[in-house]
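Residues per chain, in single letters:
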Amino acid sequence: MSGSLLYVTIGPVQSFIQQARKTQDLYIGSLLLSHLSRIGMNFVQKKYNATIIFPNPDNESVPNRFIANIPANQPIDEIGIMVEKHIKEEFIRIGDNLLKKLSISITESLKKSYFRQLETHLQIFWVALPFEIYHESYAQIEALMGQVKNVRPFLQLDEQGRKCGLTGEHNVLFYRNSRIDKEGKRKFFIPEEAIPLNEKGYLPYIREGEYLGALGFLKRFAFLDEAFEKVKVQFPSTAKIAMLHLLKKEEIHNPCIDYLYVFDQLNENAPTNEIDEKQEKESKKLFYRLKESKVKVCPYYAVIIFDGDSMGKWFGGEKLVHKEQLERFQQSFTTYLGEFAKWARNCCLIEPKGKTVYAGGDDFFGFVNLYHLFEVMNKLRKGFDVRVNQKLRQEFELTEQLTFTAGICIGHYKEPLADIINEARWAEELGKKVKGKGVNEQDKDSFGMSVMKRNGENLISVFKWNTVENDSTPELLNNILSYMNSYFSDTFVQVLAQQFRTFDRKLTGRVLEAELRRLLQRSLINKKEHQEKVNEMVDLLMKLWKASNYLPDLKEKSMIAAANNRTFLNFINMLHTLVFIKQEQSGRREGFR
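Residues numbered from 1 in each chain as written. Predicted model: local features only at pLDDT ≥ 70, side-chain atom pairs only at ≥ 80, totals over all residues. Heavy atoms only, no water.

Reading across the sheet, the four strands line up as S2-S3-S1-S4 and stay open at both edges, with antiparallel pairing between neighbours. At either end of the open sheet lies a strand with only one pairing partner, and these are strand S2 (51-54) and strand S4 (123-131). Mean inter-strand twist for the sheet, computed between neighbouring axes without regard to direction, equals 25°. Strand direction decides the pairing type here: S2 and strand S3 (residues 65-71), joined by three bridges, are antiparallel. Across the sheet, Ile 52 pairs through a bridge with Ala 68, a residue of S3. The strands that helix H2 (residues 23-48) touches are strand S1 (3-11), S2 and S3; relative to S3, the one it contacts most, it runs at about 0°. (Pairing = 2+ DSSP bridges. Helix = DSSP H or I, 4+ residues; strand = E, 2+ residues; numbered from the N terminus. Axes fitted to C-alpha atoms, helices over the stretch in contact; angles between N-to-C directions. Contact = heavy atoms within 4.5 Å.)

In this section: helix H10 (residues 259-266). Counting buried residues along H10, six of its eight residues qualify, which places the element largely inside the surrounding structure. Those residues of H10 not exposed but buried are Tyr 259, Tyr 261, Val 262, Phe 263, Asp 264 and Leu 266. Buried positions along H10 lie against helix H8 (238-242), helix H9 (249-252) and helix H11 (277-293). Sitting at the amino-terminal end of H10 is Asp 258, which places a side-chain oxygen 3.2 Å from the backbone nitrogen of Leu 260. Downstream of H10 by one or two residues, Glu 268 has phi in the positive range, about 60°. (Buried < 20%, exposed > 50% of the residue type's maximum accessible area, 1.4 Å probe, protein only. Polar contact = N/O pair within 3.5 Å; in protein donor to acceptor, adjacent residues only side chain to side chain.)

Glancing now at the nonpolar core. Grouped together as the largest cluster of nonpolar side chains are 95 residues, with contacts concentrated most on Phe 333, Leu 380, Ile 410, Phe 447, Leu 496 and Leu 575. By residue number, the principal contributor to this core is helix H13 (residues 326-348), which donates ten residues. With 87 residues, the next largest nonpolar core counts Ile 87, Tyr 259, Leu 286 and Ile 421 among its residues. (Core = buried A, V, L, I, M, F, W, Y, C linked by side-chain atoms within 4.5 Å.)

Bringing the packing of aromatic side chains into the picture now. In the structure shown here, the tally under the stated rule is 32 aromatic pairs. Aromatic pair Tyr 114 and Phe 217: ring centres 5.9 Å apart, planes at 80°, arrangement edge-to-face. Of the two residues, Tyr 114 sits in helix H4 (residues 108-121) while Phe 217 sits in helix H7 (residues 214-221), which places them 103 residues apart along the sequence. Note on Phe 217: relative accessible area 0%, which makes it buried. Centroid distance Phe 306 to Phe 340: 6.1 Å. Interplanar angle 45°. Geometry classified as tilted. Here Phe 306, found in strand S8 (residues 300-308), pairs with Phe 340, found in helix H13; they are 34 residues apart in sequence, far enough to count as distant. In this structure Phe 340 comes out as buried when scored by relative accessible area, which is 1%. Taken together, Phe 306, Phe 340, Trp 343, Phe 364, Phe 384, Phe 404, Phe 447, Phe 463 and Trp 465 form an aromatic cluster joined through their ring pairs. Positioned over the ring face of Tyr 48 is Lys 47, at 5.9 Å from the centre of the ring. (Phe/Tyr/Trp six-rings, centres within 6.5 Å; stacked < 30°, edge-to-face > 60°. Lys NZ or Arg CZ within 6 Å of the ring centre and 35° of its normal.)

Have a look at this one:
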């Protein structure tokens, strides 16, 4: 069999997805990339009779890259050029259509700057390679794509003035600021060609004091294009994610509730957002209900990001014993990843547990309500194992288990979204550095968890998905949290930290177990009725201790890396994290913040 392989990637991912002020920006950025990737796949399928190897074209979300098998009789030299041209034309079409839909009157100067920003922003890399022996050529095309990306060609764009509030890269072209008149533009360094969007109709999409370039404008208004008509584009805010567990079904689906306004009312603060009368009316209904029920609203939520471990090696057949099966293996792999992605998006992380931004199969991005964090983590990990790993092992002879590594960040709804995402990415990077301890234990296959407190303190911990006894670590953490909530005060964690954080000798399990038993006995809430809970809690905590020796060198996070015993640091940071979650859920901290 012969033909050609085509590998296409679309970017930059950073500005499309991660550069965002609101969850809506993230979601639209993800939809845009997915749409452009699908446009490229459809083009090569219809025009060149190509077979898509990765991803599954039927997925609801597809990643920013695809690999296609082109028949031998097709002109491989021109295909990559034509795919790139077709994707760029679609990107520009969306931008042009939005200006027409909104009936915005713009000058020729603004129009020129607008399309120049869009044209220079999109980065498309592609590699095409004829093949005779499929698995050998596939390994080559992966290496070639890495070399092409390292070159990083770019178009120079010389601009002076205030930059877009979303990307920070391009000049402001659209803004909302009722205080700025024509002369006031100079004071705010706004280009003369930029135009205000101060009309009431734009209020849900651009807030007072926001400044957008072409890409920022595209992300805010892309839902008006026909390409996204069938997609539900309204994405919950971080404030809504934080209080999802308290909402009734009709409140979850009410688009007129502004959850920042509800938090502001609970905290007796002036409204952060400018909202209309209907939004104020619906938001106040929720505020009065929460206030009358005297329920404590947790202001924290979690971001979870994961990537499959060594996916390039897996998809290239390095873990496959019989290399001649590579093409069939890739087809099954792509199918199972697609099935998992559909399940994760539509069955696992859904309201009121949270909301999925992107599920591509081998990677995932979602927001999780803090009350459901460990449940969602556990379901995702087990779902990936059952729906992808175990199915592949039943069909093919493989050298390893297929796993993934996740990064989780718990943050306040008022924290800059980009900071929370970057922290989750950093936690994931720490998880990727984990090395297996035994002969049969694989590297990675772990999760990093970071807590960003409002006082500036960070807690970081890294654990394998399963304990030494092969129990689920998220389930173990959930059980410990349940015991903390029901039977013990938090004092044992504080005292334990003070006693052992500067311990300059190797801390043994026997010493720790004895001290835990003593401290738990003292912090037991009901000493007459729940004595047996001390032994049960000790057993749980010792399982956590045995699973705590995976924290990599933190280096730049030196403020928490001073401990001599990294295993104890990992252990105590996770206990502090559980105490923090307990306190936020129970409302023990003063106010709603």
